[in-house]
Amino acid sequence: MIEVRDLRVRYGTRTVAHVPELDVGAGECVAVVGESGSGKSTTLMALLGLTEGAEVSGHVRVCGVDVLTAPERRLREIRGARVALVMQSPQAALSPTTRLGVLMRRALDLHGVDAGERAMAEAVEAVLLDPAILRRYPHEVSGGQAQRFAIALALALGAEAVLADEPTSALDVTVQAEVVGVLRRLREERGLALLLVSHDLALVSTIADRVLVMKDGEVVESGAAARVLAEP
Ligand code: ADP
Ligand code: ADP
């Protein structure tokens, strides 16, 4: 689902992210970990062609689209619909005066997805939320609920891959566990490919199959999660 070879992202003369190899298949979860500023977010955004102002080279294939060479029209197909981007504070990105149900309906229309009320409710139930949440406004839901709504939106759109950037860092511990539980179930039951960027090793150890460790823009370690995370 995600295939990266020798990805290099430069701002001016500085390489901020260099990833020799990264693969995430259907139903797999790969985590990118490392200190703040090590190039994790840049790597994730490069997968959607969203590193504005950067010079990007290498080979990036996401859901069959060659990201570095594809026309803008094809990139728009993967952004938002086939690949879901789950960020730290999804509430900030939602229009405060729009009910969640209206928001979901607009997103579905925008991407030409023909889904009825029933399908919308099912997507919401799949992330363990009450469909009544579709009648609420963004400020009326908690951070964890907003996070799960973002994932439900991805499901309704038929996303094949989820890119999550510190998806739980704004949440308290019990809510974090709920969001992670939902992500884990979805990758098992629906075969979603999951790429997770996080500095939270405890979280990563509960969900990732493989881990890439980044430092100063370079991958300094990679392999099976159990092995990489066990090292000092
Ligand atoms: P992380 O996600 O690991 O915290 P980032 O990928 O956000 O790291 O950032 C990696 C480095 O790239 C940082 O030093 C950051 O300052 C730099 N960087 C990110 N975006 C830009 C940009 N638009 N212009 C210049 N430098 C950038
Ligand atoms: P994080 O570390 O949480 O990923 P950052 O604070 O590094 O976030 O980046 C926030 C935003 O600022 C991003 O959109 C990134 O592209 C941009 N940015 C980061 N560093 C720089 C920089 N040196 N020059 C310009 N933009 C930057």
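Structural data are supplied above this passage.
These numbers come from a predicted model, not from an experiment. (Residues numbered from 1 in each chain as written. Chains lettered and ligands numbered in written order. Predicted model: local features only at pLDDT ≥ 70, side-chain atom pairs only at ≥ 80, totals over all residues. Heavy atoms only, no water.)

1. So, the overall build of the chain
Part 1: Helix and strand content of the chain: nine helices and 10 strands.
Part 2: Taken against the 2.2 N^0.38 rule, which gives 17 Å for 232 residues, the C-alpha radius of gyration of the chain at 17 Å falls within 12% of a compact globule.
Part 3: Each principal axis of the C-alpha distribution contributes one length, and for the chain these read about 45 × 40 × 30 Å.
Part 4: Counting over 232 residues, the chain shows a buried share of 47%. (Helix = DSSP H or I, 4+ residues; strand = E, 2+ residues; numbered from the N terminus. Rg over C-alpha atoms; globule rule 2.2 N^0.38 Å. Buried < 20%, exposed > 50% of the residue type's maximum accessible area, 1.4 Å probe, protein only.)

2. Quick look at unusual backbone geometry
The general pattern is negative phi for most residues beyond glycine and trans for most peptide bonds.
Part 1: At D6, a residue that is not glycine, the phi angle is positive and equals roughly 50 degrees.
Part 2: Structurally, D6 can be placed in strand β1 (residues 2–11).
Part 3: If you check the backbone angles, D216 has positive phi at about 45 degrees while not being a glycine.
Part 4: Inspection of the secondary structure puts D216 in the loop between β9 (210–215) and β10 (218–224).

3. Examining the packing of helix α6 (residues 143–156) against helix α7 (residues 173–190)
Part 1: Running from amino to carboxyl end, α6 crosses α7 at an angle of 15 degrees, the nearest separation of the two axes being 9 Å. Overall, the two elements α6 and α7 adopt an arrangement that is roughly parallel. Relative to α7, α6 is oriented so that their crossing is right-handed. Residues G144, Q147, R148, I151 and L155 of α6 form the contact with α7, whose own contacting residues are V175, E178, V179, V182, L183, L186 and R190.
Part 2: Of the residues assigned to the contact of α6 with α7, the class counts are seven nonpolar, two polar and three charged. (Axes fitted to C-alpha atoms, helices over the stretch in contact; angles between N-to-C directions. Parallel < 35°, antiparallel > 145°, perpendicular 65-115°, else oblique. Left-handed = near helix turned anticlockwise from the far one by under 90°. Contact = heavy atoms within 4.5 Å. Nonpolar A, V, L, I, M, F, W, Y, C, P; charged D, E, K, R; others polar.)

4. Section: the site of ligand 1
Part 1: Looking at ligand 1, the residues that line it are Y11, R14, V16, E35, S36, G37, S38, G39, K40, S41 and T42.
Part 2: In the environment of ligand 1, an oxygen atom lies 2.7 Å from a nitrogen or oxygen atom belonging to the backbone of G37.
Part 3: Side-chain polar atom of K40 to an oxygen atom of ligand 1: 2.9 Å apart, as the coordinates give it.
Part 4: Here ligand 1 loses 61% of its free accessible area of 560 Å² to cover by the protein chains.
Part 5: Elements with a contribution of two residues or more to the shell around ligand 1: β2 (14–24) and α1 (40–46).
Part 6: Tallying contributions element by element places α1 first for the shell around ligand 1, with three residues.
Part 7: A class-by-class count of the residues in the shell around ligand 1 yields two nonpolar, six polar and three charged. (Near = heavy atom within 4 Å. Polar contact = N/O pair within 3.5 Å; in protein donor to acceptor, adjacent residues only side chain to side chain. Areas by Shrake-Rupley, 256 points an atom, 1.4 Å probe, with all protein chains shown as cover.)

That's the geometry; what it means functionally is another story.
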